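If you want the building blocks of each chain, they are given just below.
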Amino acid sequence: MTAEPRTESPEGTDPAGIAYLMRPVPHELPPNLRRPSNPWVGSGQPDSPDRSAPRPNRSAAALPRPVAVDWALVDALRDQVSTEQAERFEPGTDTLVREEAGKEAINRLVKQASTDQRNDGKAEFTLAQREVLRDAVFNSLFRMGRLQPLLDNDDVENIEIYGHRTVQLQLADGTWVAGQPVADSDGELIQLIQDIASRTGSGARPFSERNPYVDMRLPGSGARLAASAWVTDRPVVVIRRHRLIQVTLDQLVGLGMLSPVAASFLAAAVRARKSIVVSGAASAGKTTLTRALCDQIPAGERIATFETEYELGLQDLRQNVIAWEARPGSGEVGLDGRQAGESTIAEALWRSFRYNRSRLIVGEVRGAEVWPMIKAMESGTGSLSTTHATSAVAAIRKLVTCAMEGEEQVTHDLATSKLAHAIDLIVHVDLSYDPTSQTPRRQVAEIISVTPGERETGYATTQIFAPGPDGSAVPKTMPDLDHQGLEAYGFDLQGFTEALQHPGLPGRSTTGVRS
């Protein structure tokens, strides 16, 4: 694997300008886009303007320079605080209590270290150096170590690490720049990931030569981390951050991700309890769109989510949500073929039937999760899932392959029949880049309905919305009577019909959802 950057830094960018060791730069955020008065748009969930509002793009050169850190001193102070905590607190002591005591100890030890500098004939630490040192020790003990400043910085969207020396950062405007190392050796980088994986809050996740891959959600950040070592030439870490956490379809319309008519159709489909799969490439915005679709679920409904790693985060956004997360096992494999402590999505789904849930949502489907997804859709209505695919129809083929790989006895006919009866709609999100600026553009490109049908494929599809001249979804085919019935749930059928009859004309200025 090459250590060269994946893309060149923009001209004039100073890699040292990334805010690496600092508190997050405050932004003056615009207010949330107001929901229209129509009752079908928005579920009545509380708004969160700071987290869901789009943030302004900033170049790397505009960020302040970091303050140098003596990482050997950070390690020494961390060990002292850790020893003090081990002597002072019993196992299971509340985390907040430990953190407050840790802050007091860190302040005292940093002050002493500064005095020691003076006694050795060196300059005492400046106020900025003390603050940075305190933050570094605290992050090392209670947060994500040297990764934490990057996770705190809203201008950094994605982080890719290839060995300890090469750190690449994708900013909110889509540009890639070089970042400062987050470890002093590959071994230290592996240790950092092992430390993080051991305290994820949902059960320790092994990361070792025996378990060379780890996937997890980073606590408190909403970011997802994937790492591998021993099976790659250098340790590799990829962290993806979701900039839109609490998001509505109205906001995505305002951001240009889909049209008001398409938004009204999807909002109505969710409220009418249609089962939907969102497909697209990595980073296309599948999870963001799924969160916006979940926002259309009435506030009183009781929801269960099933994910390999927490990513949707519905349990943090609304009430009456039980979130199950798969947990890898450890130790020897038992007679049942499972490691001790292992918990699968399939098991959680089976047990969830005793928990009085009205909607069952299986998150990302990459392989064997397809069967829990099908069972969730068969057991209730209004389910939602995501998967990686290049188009809506390709998503069906991909899910068929996953179903056949997951169970040896499953035939193509059985897989297609199950999927055709379970899925109502597939929404495909396209990711493209401006050829000049490389700014990413995410947009809903097509919406298809799925029904049992043709013998050769086992299913039939109707492209209700298809890519228009600019790639965004526009009305293509009048939906069948069942989907026309979504008008009762707020689908702007009149606006859809007008756009279908007069393609290319400016769209209606309303939200496309009539009250």
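The following paragraphs examine the structure supplied in this document. Since this is a predicted model, take the numbers as computed values, not measurements.

About the thresholds
- Residues numbered from 1 in each chain as written.
- Predicted model: local features only at pLDDT ≥ 70, side-chain atom pairs only at ≥ 80, totals over all residues.
- Heavy atoms only, no water.
- Phe/Tyr/Trp six-rings, centres within 6.5 Å; stacked < 30°, edge-to-face > 60°.
- Helix = DSSP H or I, 4+ residues; strand = E, 2+ residues; numbered from the N terminus.
- Buried < 20%, exposed > 50% of the residue type's maximum accessible area, 1.4 Å probe, protein only.
- Lys NZ or Arg CZ within 6 Å of the ring centre and 35° of its normal.
- Polar contact = N/O pair within 3.5 Å; in protein donor to acceptor, adjacent residues only side chain to side chain.
- Pairing = 2+ DSSP bridges.

1. Regarding the packing of aromatic side chains
Turning to step 1, where the next piece is worked out: Counting across every chain of the model gives eight aromatic pairs.
Turning to step 2, where the next piece is worked out: Ring centres 5.6 Å apart and planes at 55 degrees place the aromatic pair phenylalanine 265 and phenylalanine 465 in the tilted group. Of this pair, phenylalanine 265 sits in helix H8 (residues 260-271) while phenylalanine 465 sits in strand S17 (residues 459-467), and the two are 200 residues apart along the sequence. Here phenylalanine 265 matches phenylalanine 465 in class, with each residue buried.
Turning to step 3, where the next piece is worked out: Ring geometry for phenylalanine 265 and phenylalanine 491: centres 5.1 Å apart, planes at 80 degrees, overall edge-to-face. A residue pair is termed long-range when its members are at least 10 positions apart, and phenylalanine 265 in helix H8 and phenylalanine 491 in the loop between helix H14 (481-484) and helix H15 (493-501) qualify at 226 residues. Like phenylalanine 265, the residue phenylalanine 491 is buried in the burial classification.
Turning to step 4, where the next piece is worked out: Members of the aromatic cluster, each reached through a chain of ring pairs, are Phe265, Phe465, Phe491 and Phe496.
Turning to step 5, where the next piece is worked out: Taking the ring centre of tryptophan 71 as reference, the NZ or CZ of arginine 146 above it sits at 4.0 Å.

2. Examining the environment of glutamate 157
Turning to step 1, where the next piece is worked out: With respect to the helices and strands, glutamate 157 occurs in strand S1 (residues 156-162).
Turning to step 2, where the next piece is worked out: Separated by 18 residues in the primary sequence, glutamate 157 and threonine 175 have C-alpha atoms spaced 9.9 Å apart.
Turning to step 3, where the next piece is worked out: At a separation of 3.5 Å, a polar atom in the side chain of glutamate 157 contacts the side chain of arginine 442.

3. Some thoughts on unusual backbone geometry
Turning to step 1, where the next piece is worked out: Even without being glycine, tryptophan 230 reaches a positive phi, approximately 70 degrees.
Turning to step 2, where the next piece is worked out: Along the polypeptide, tryptophan 230 turns up in the loop between strand S5 (224-228) and strand S6 (236-240).
Turning to step 3, where the next piece is worked out: On the accessibility criterion, tryptophan 230 (36% relative accessible area) is partly exposed.

4. Re the pairing of strand S12 (residues 359-362)
Turning to step 1, where the next piece is worked out: Burial along S12 is two-sided: Arg359 and Ile361 and Leu360 and Val362, pointing in opposite directions, are all buried.
Turning to step 2, where the next piece is worked out: Pairing geometry for strand S8 (residues 303-307) and S12, over four bridges, is parallel. Note on S12: the bridge partner recorded for phenylalanine 306 is valine 362.

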